[in-house]
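Chain by chain, the residues:
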Amino acid sequence: MNVYLKLIWAYLKIGLFGFGGGYAMLSLIQSEVVGRGWITGTMFTDIVAISQMTPGPIGINSATYIGYVIAGGVWGSVVATLAVVLPPFVLVLLASRYIGHHQDSAFIRGAFTGLRPVVVGLIASAALLLINSENFGYEPGERCITVAIAVVSFVAVYFIKVHPIAVIVLAGFAGWLLF
């Protein structure tokens with residue numbers, strides 16, 4: 001099968017079933033691209049990290065990058081990006097009319113009440129997916145250092161309110177210095 005058709009099929013599925021945003025769709029993205037052997041687990045975690053530092057959603061950023069790598073150029077990026085964006089675009093167009101007319105409906109309220117915990121579960125699943133050797137090191141010493149960087153970064157952003165860009169730059173410098 002043509003590489004472009006494979007990209008379209010994979011990213012149409014990701015776009016169609018990736019409820020809850022980028023973090024919620026990480027396991028689906030990993031399944032589609034790492035599972036097919038297009039990229040390694042290490043490359044996947046690097047893509048997630050880069051997608052977090054660049055503007056835009058994870059799903060779109062990863063589609064753009066993976067399309068470029070797999071198809072060998074800009075057209076692969078364009079194809080994968082359009083394929084991941086098309087299903088949610090169409091679904092939002094269709095659903096917005098229905099939800100707008102029936103926003104007070106018990107069915108709509110119930111559906112959203114049921115979807116919220118699912119999205120939280122998918123995001124928790126993505127967090128667990130990223131707790132792996134590629135992100136935290138293979139050696140015990142590496143793991144201790146990377147866990148320390150993660151904890152210090154969390155504390156700096158969440159409790160001390162350090163700007164996230166400063167934390168990203170400092171964590172990158174610490175990683176470069178230590179590894």
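Thresholds applied
Position numbers for residues count from 1 along each chain, tracking the sequence in the order it is written. In view of the model being predicted, local features appear only for residues whose pLDDT reaches at least 70, and side-chain atom pairs are presented and counted only at 80 or more, with totals across whole chains, interfaces and linings using the full set of residues. Calculated side-chain values reflect all of the structure's heavy atoms, with hydrogen atoms and water omitted. Helix numbering and strand numbering both begin at the N terminus, where a helix is a DSSP run of H or I of at least 4 residues and a strand a DSSP run of E of at least 2. Categorising residues by exposure relies on relative accessible area from a 1.4 Å probe, with only protein chains included: less than 20% of the type maximum marks a residue as buried, more than 50% marks it as exposed, and the intermediate range marks it as partly exposed. We call two residues in contact when some of their heavy atoms are within 4.5 Å. Note on areas: Shrake-Rupley with a 1.4 Å probe; residue coverage comes only from the protein chains shown. Positive: Lys, Arg. Negative: Asp, Glu. His and the chain ends are not part of the count. Think of each charge as sitting on NZ of Lys, CZ of Arg, CG of Asp or CD of Glu. Definition of nonpolar core: a set of buried residues of the types Ala, Val, Leu, Ile, Met, Phe, Trp, Tyr and Cys, connected through side-chain atoms within 4.5 Å. Working convention: axes come from line fits to C-alpha atoms, limited for helices to the stretch in contact. Angles between N-to-C directions cover 0 to 180 degrees. The hand of a helix crossing depends on one turn: near helix anticlockwise from the far one by less than a right angle means left-handed, and clockwise means right-handed. Side-chain classes are defined by residue name, with Ala, Val, Leu, Ile, Met, Phe, Trp, Tyr, Cys and Pro counting as nonpolar, Asp, Glu, Lys and Arg as charged, and the others, Gly among them, as polar. What sets the label is the angle itself: under 35 degrees gives roughly parallel, over 145 gives roughly antiparallel, 65 to 115 gives roughly perpendicular, and the rest give oblique. When the centres of two rings from Phe, Tyr and Trp lie within 6.5 Å, Trp using its six-membered ring, the rings pair. Their planes under 30 degrees apart give stacked, over 60 give edge-to-face, and anything left gives tilted. Only when the NZ atom of a Lys or the CZ atom of an Arg is both within 6 Å of the ring centre and within 35 degrees of the ring normal do we say a charge sits over the ring. Using protein atoms alone on a 1 Å grid, points that fit a 1.4 Å probe yet trap it form a cavity, whereas open point sets bounded by protein on both sides within 12 Å along at least five of seven lines form a pocket; residues with an atom within 4 Å of a point count as lining. Grid points are joined across faces, edges and corners, and a volume is the space filled by probe spheres set on the points. To estimate the expected span of a helix, count its residues, drop one, and scale the result by 1.5 Å.

### Focus on the overall build of the protein
Item 1. Each helix and strand counted, the protein has nine helices and zero strands in total.
Item 2. Written out in order from the N terminus, the α and β elements of the protein read α-α-α-α-α-α-α-α-α.
Item 3. Seen through its C-alpha atoms, the protein measures out along the principal axes to roughly 55 × 45 × 25 Å.
Item 4. Within the protein, the proportion of its 179 residues that are buried is 27%.
Item 5. Taking the contacts inside the protein whose residues are at least 6 apart along the sequence as the reference set, 54% of them involve residues at least 24 apart.
Item 6. Taken as a whole, the protein presents about 11,200 Å² of accessible surface, with 74% of it coming from carbon and sulfur.
Item 7. Distance between charge centres in the protein, computed from 8 positive and 6 negative side chains, equals 15 Å.

### Section: the environment of valine 152
Item 1. Relative to the helices and strands, valine 152 is located in helix H8 (residues 140-158).
Item 2. Overall, valine 152 belongs to the exposed group, its relative accessible area being 55%.
Item 3. Expressed as a C-alpha distance, the spacing of valine 152 and valine 167, which sit 15 residues apart in the sequence, is 9.2 Å.

### A word on the nonpolar core
Side chains of nonpolar character tend, in soluble globular proteins, to be buried together.
Item 1. Counting residues in each nonpolar core, the largest one holds 24 residues, and the members touching the most others are Leu7, Tyr11, Leu26, Ile29, Val33, Phe44 and Ile66.
Item 2. Elements with a minimum of two residues in this core: helix H1 (3-17), helix H2 (22-33), helix H3 (41-53), helix H4 (58-71), helix H5 (74-101) and helix H6 (106-129).
Item 3. Other than its neighbours up to four places away in sequence, leucine 7 contacts Trp38, Gly67, Ile70, Ala71, Gly76, Val79, Ala80 and Ala83.

### Remarks on the packing of H4 against H5
Item 1. At a closest axis distance of 7 Å, the pairing of H4 and H5 adopts a crossing angle of 145 degrees. The crossing of H4 and H5 is right-handed. Listed contacts from H5 to Gly59, Ile60, Ala63, Thr64, Gly67, Tyr68 and Ala71 of H4 are Val74, Gly76, Ser77, Ala80, Thr81, Val84 and Val85.
Item 2. Of the residues that constitute the contact of H4 with H5, the class distribution is eight nonpolar, six polar and no charged.

### Some thoughts on the packing of H2 against H6
Item 1. Between H2 and H6, the least distance of the axes is 6 Å, while the angle of their chain directions is 55 degrees. It follows from the interaxial angle that H2 and H6 lie oblique. For H2 against H6, the interelement crossing comes out left-handed. In contact with Tyr23, Ala24, Leu26, Ser27 and Gln30 of H2, H6 contributes Leu122, Ile123, Ser125, Ala126 and Leu129.
Item 2. Considering only residue class, the contact of H2 with H6 consists of seven nonpolar, three polar and no charged.

### Considering the packing of aromatic side chains
Item 1. The full count for this structure, using the stated rule, is four aromatic pairs.
Item 2. Ring centres of phenylalanine 154 and phenylalanine 159 lie 5.9 Å apart, and the angle between their planes is 90 degrees; on these two criteria the pair is classed as edge-to-face.
Item 3. For the ring pair tyrosine 158 and phenylalanine 159, a centre distance of 4.9 Å and an interplane angle of 90 degrees mean the geometry is edge-to-face.
Item 4. On the basis of relative accessible area, phenylalanine 159 is assigned to the exposed category, the value being 54%.
Item 5. Aromatic rings pair up to connect Phe154, Tyr158 and Phe159 into one cluster.
Item 6. Note that lysine 161 overlies the ring of tyrosine 158, its terminal NZ or CZ placed 5.4 Å from the centroid.

### Points about the layout of surface pockets
Item 1. Looking at the largest pocket, its volume works out to about 1,400 Å³.
Item 2. Taken together, 35 residues form the lining of the largest pocket, with Thr45, Ala49, Asn135, Phe136 and Ala150 sitting closest to its centre.
Item 3. Elements that contribute at least two residues to the lining of the largest pocket include exactly H3, H6, helix H7 (133-136), H8 and helix H9 (164-178).
Item 4. Residue contributions to the lining of the largest pocket peak at eight residues, all from H3.

### Some details on H4
Item 1. Here H4 contains 14 residues, and its C-alpha end-to-end distance of 19 Å stays within 8% of the 20 Å for a straight helix at 1.5 Å per residue.
Item 2. Regarding H4, the residues found buried are Ile58, Gly59, Asn61, Ser62, Ala63, Ile66, Gly67 and Ala71.
Item 3. Phi turns positive one or two residues past the end of H4, at glycine 72, with a value near 75 degrees.

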